[in-house]
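One letter stands for each residue in the lines below.
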Amino acid sequence: MKELQERIRQEGLILSDTVLKVDSFLNHQVDTKLALAIGQEFKRIFAGKTITKVLTIEASGIQFAMAAGIALDVPFVYAKKKKAVTLAESVYSAPVHSFTRQETYQVSISQKYLGPNDNVLIVDDFLATGAALVGLVDIVRESGATLAGVGCVIEKSFQEGRGLLEAKGVQVHSLARIKSMSPGHVDFIEDEEPARI
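Residues numbered from 1 in each chain as written. Predicted model: local features only at pLDDT ≥ 70, side-chain atom pairs only at ≥ 80, totals over all residues. Heavy atoms only, no water.

**Quick notes on the overall build of the protein chain**
Here is step 1: The secondary structure content of the protein chain amounts to five helices and ten strands.
Here is step 2: Here the protein chain has a C-alpha radius of gyration of 16 Å; the compact-globule value for 197 residues is 16 Å, and the two agree.
Here is step 3: With the C-alpha coordinates aligned to their principal axes, the bounding extent of the protein chain is approximately 50 × 35 × 35 Å.
Here is step 4: Across the 197 residues in the protein chain, those meeting the buried criterion constitute 48%.
Here is step 5: Pairs at least 24 apart in sequence give 62% of the contacts found in the protein chain among residues at least 6 apart.
Here is step 6: Of the roughly 9600 Å² of accessible surface on the protein chain, 50% is carried by carbon and sulfur atoms.
Here is step 7: The averaged location of the 24 negative side-chain charges in the protein chain is 4 Å from the averaged location of its 22 positive side-chain charges. (Helix = DSSP H or I, 4+ residues; strand = E, 2+ residues; numbered from the N terminus. Rg over C-alpha atoms; globule rule 2.2 N^0.38 Å. Buried < 20%, exposed > 50% of the residue type's maximum accessible area, 1.4 Å probe, protein only. Contact = heavy atoms within 4.5 Å. Areas by Shrake-Rupley, 256 points an atom, 1.4 Å probe, with all protein chains shown as cover. Lys, Arg positive; Asp, Glu negative; His and termini not counted. Charge placed at Lys NZ, Arg CZ, Asp CG, Glu CD.)

Set out below in C-alpha cells:
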C-alpha cells in the first residue's frame, strides 16, 4: 500500500533497527481516512473469502479491525488483555507476550462471540515477533472457527513473526513490509500487486 509506505517514510520515527514509532498517524493519534482506506484494502485482498468476523487484540489493532469490519459489513471482536468482572461466562484464552511492553498477558474472548460457524479474518497493526497473532490463531482454532487469514498493517519482515505464522499454515498479508530500517532510513519489500485471496 503505497500511501502507507509514504506515511511511514514521512512521519514514522525509527528509534532503532527494531523499533518503529508511528503514533502520529496509526496507533496513538489515528488518521481516520487512512484507517478506513486500510479497511478497504483488507476487504479487497480477502474478497475471495466469506468473512463473518474480524478479530484483533486490544488496543492498537482495534481501529483497523473496526475499519475492516465496516468495509466487510461484519462485526469485529477483540481479545481482552485483562478479564473484566463483567466477563463471567466461558472464554477462549491464550498467553501472549508483548514485545513493546515486555509483559505477558492472558488474552481472552467470550465463547459467545466466536464459534464453529465463523470464518475469521485476524487484523493487527504490527507483525514483528508474532506472539500476539499466534495467540489469536490458537484462540480461533480452539473455538472451532475457520481462519481465513491474517492481515497486518505493518510487518517488520526481518523478525520471526511471519515464519511462525506460516509454520502454522496461516496465510499472511501485510500492507507495508519493512525489509530493514535504521534511524532516518527504511527499506520496504516491494511485493507485486497482491491478488485477491
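**Topic: the UniProt feature "binding site: 5-phospho-alpha-D-ribose 1-diphosphate" (unreviewed entry) in the protein chain**
Here is step 1: The positions that UniProt labels "binding site: 5-phospho-alpha-D-ribose 1-diphosphate" (unreviewed entry) are, in the present scheme, A128, T129, G130, A131 and A132.
Here is step 2: Looking at the element boundaries, A128 is found in the loop between β7 (119-127) and α4 (131-143).
Here is step 3: In this structure A128 comes out as buried when scored by relative accessible area, which is 10%.
Here is step 4: Beyond its immediate sequence surroundings of up to four residues, A128 is in contact with K156, Q159, E160 and G161.
Here is step 5: Positionally, A131 belongs in helix α4. (UniProt positions renumbered as here; feature names shortened; annotations may be inferred.)

**Description of helix α1 (residues 2-11)**
Here is step 1: Looking at α1, one finds that the buried residues are L4, Q5, R7 and I8. The arc that holds the buried residues of α1, viewed along the axis, is 160°, so those residues lie on one side. The exposed residues of α1 that point more than 90 degrees off its buried face are K2 and Q10.
Here is step 2: On its buried face, α1 sits against β2 (20-21), α2 (32-45), β8 (146-156), β9 (172-182) and β10 (185-188). (Arc of directions from axis to C-beta.)

**Describing the UniProt feature "binding site: xanthine" (unreviewed entry) in the protein chain**
Here is step 1: Feature annotation in UniProt assigns "binding site: xanthine" (unreviewed entry) to the following positions: L20, N27 and K156.
Here is step 2: Within the secondary structure layout, L20 lies in strand β2.
Here is step 3: Sequence-distant contacts of L20, that is, excluding residues within four places in its chain, are made with I8, G12, L13, I14, F126, I154, I178 and M181.
Here is step 4: Residue N27 is classed as partly exposed on the basis of its relative accessible area of 25%.

**Some points on the sheet that holds strand β3 (residues 53-57)**
Here is step 1: Pairing is mixed in the open sheet, where six strands are placed in the order β4-β3-β7-β8-β9-β10. Bordering the open sheet on either side are β4 (76-79) and β10, each of which pairs with just one other strand. On average, each strand axis in the sheet is inclined to that of its neighbour by 25°, with strand direction left out of account.
Here is step 2: Note: β7 against β8, eight bridges, orientation parallel. Paired with V123 across the strands is G151, a residue of β8.
Here is step 3: Contacts from α4 reach β3, β4, β7 and β8, with the element oriented near 170° to β7. (Pairing = 2+ DSSP bridges. Axes fitted to C-alpha atoms, helices over the stretch in contact; angles between N-to-C directions.)

**Overview of the packing of aromatic side chains**
Here is step 1: Counted by the stated rule, this structure contains one aromatic pair.
Here is step 2: When the ring centre of Y105 is taken as reference, the NZ or CZ atom of K81 above it lies at 4.8 Å. (Phe/Tyr/Trp six-rings, centres within 6.5 Å; stacked < 30°, edge-to-face > 60°. Lys NZ or Arg CZ within 6 Å of the ring centre and 35° of its normal.)

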